[in-house]
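Remarks on the overall topology
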Amino acid sequence: MANERNERIAVYPGTFDPLTNGHVDIIQRGAGLFDRIVVAILVNPDKSPLFTIEERAEMAREVFADEPRVEVDLFEGLLVEYARQRGAHAIVRGLRAVSDFEFEMQMALMNRRLSPDIETVLMMPAESYTYLSSRLAKEVFSLGGSIHGLVPDLVEQRLTERLREHNDA
Ligand code: PNS
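The present account deals with the structure reproduced in this document. (Residues numbered from 1 in each chain as written. Predicted model: local features only at pLDDT ≥ 70, side-chain atom pairs only at ≥ 80, totals over all residues. Heavy atoms only, no water.)

Turning to the packing of aromatic side chains, a few remarks are in order. Tallying each qualifying case throughout the model produces two aromatic pairs. Ring centres of Y12 and F16 lie 5.3 Å apart, and the angle between their planes is 65°; on these two criteria the pair is classed as edge-to-face. The residues Y12 and F16 share a single accessibility class, namely buried. (Phe/Tyr/Trp six-rings, centres within 6.5 Å; stacked < 30°, edge-to-face > 60°. Buried < 20%, exposed > 50% of the residue type's maximum accessible area, 1.4 Å probe, protein only.)

As structure tokens, this is what we get:
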């Protein structure tokens, strides 16, 4: 399972609006299993995210600036097509709880049907992140709750700035 440069590459796709420490945990675990893990942020015009795709990519790049095995990229269209273009043979996804399982299994099996040579690897984050999602982090933060330790410090900083911009507007 390696590309022509003999590298084992995995793609970790998602929305990442914004990156949480649960995502960071999965990326670090993936970086331990593969030569390179590509954090692939979906360009999705249907969603109205809090952070633009460029902002999300920039935050992720900053968080992993010292980690040569982690690359951050954007993609649109079919995930398996993007994975193929990148020479990846695996798709990494995090599995927090049983409630995630049904959707993840559907995606994994659909992706396998589309591209049988790309394997999905489901990984469990640390227990302390099993209840964490970008959506909940944004909601708690916007209502004044603390999310310290649940998102990277720089993401917390950007959320503070974004909230201030919204309140000033
Ligand atoms: O962070 P998310 O929103 O759970 O990520 C979902 C994502 C980006 C992995 C999924 O929507 C996706 O792969 N979209 C790309 C389009 C595609 O390939 N769809 C078929 C998946 S079976």
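This part covers the packing of helix 2 (residues 53-63) against helix 6 (residues 153-168). Running from N to C, helix 2 and helix 6 point in directions that differ by 150°, and their axes come no closer than 10 Å. When the interaxial angle is binned, helix 2 and helix 6 end up roughly antiparallel. Residues E55, E58, M59, E62 and V63 of helix 2 lie in contact with helix 6, whose contacting residues are L154, V155, R158 and R162. (Axes fitted to C-alpha atoms, helices over the stretch in contact; angles between N-to-C directions. Helix = DSSP H or I, 4+ residues; strand = E, 2+ residues; numbered from the N terminus. Parallel < 35°, antiparallel > 145°, perpendicular 65-115°, else oblique. Contact = heavy atoms within 4.5 Å.)

In this structure the tally under the stated criterion is 16 salt bridges. Here R93 ties to E104 by a salt bridge, and the two come within 2.9 Å at their closest N and O atoms. Taken together, the residues R93 in strand 4 (residues 90-94) and E104 in helix 4 (residues 98-114) connect sequence positions eleven residues apart. We classify E104 as buried; its relative accessible area is 5%. Each of E7, R36, E71, D73 and R86 takes part in one network of salt bridges that share partners. (Salt bridge = Lys/Arg side-chain N within 4 Å of Asp/Glu carboxyl O.)

Before going further, it helps to spend a moment on the nonpolar core. Of all hydrophobic cores here, the largest spans 34 residues; its most connected members are Y12, L19, I27, I37, V70, V92 and I147. Every element with two or more residues in this core is listed here: strand 1 (9-14), helix 1 (21-33), strand 2 (36-42), helix 2, strand 3 (70-75), strand 4, helix 5 (134-142) and helix 6. For Y12, the residues in contact, after removing those within four places along its chain, are H23, I26, I27, I37, V38, V39, A40, V92, R93 and G94. Counting residues in hydrophobic clusters, the runner-up holds twelve residues, among them V11, A40, Y82 and I118. (Core = buried A, V, L, I, M, F, W, Y, C linked by side-chain atoms within 4.5 Å.)

What follows concerns the pairing of strand 4. The element strand 4 is extensively covered by neighbouring structure, given that four of its five residues are classed as buried. Of the strand pairs in this sheet, strand 1 and strand 4 are connected by two bridges, and their pairing is parallel. Bridge pairing in strand 4 links A10 to A90. Bridge count between strand 4 and strand 5 (residues 119-123): five bridges; the pairing is parallel. Within the sheet, the bridge partner assigned to I91 lies in strand 5 and is T120. (Pairing = 2+ DSSP bridges.)

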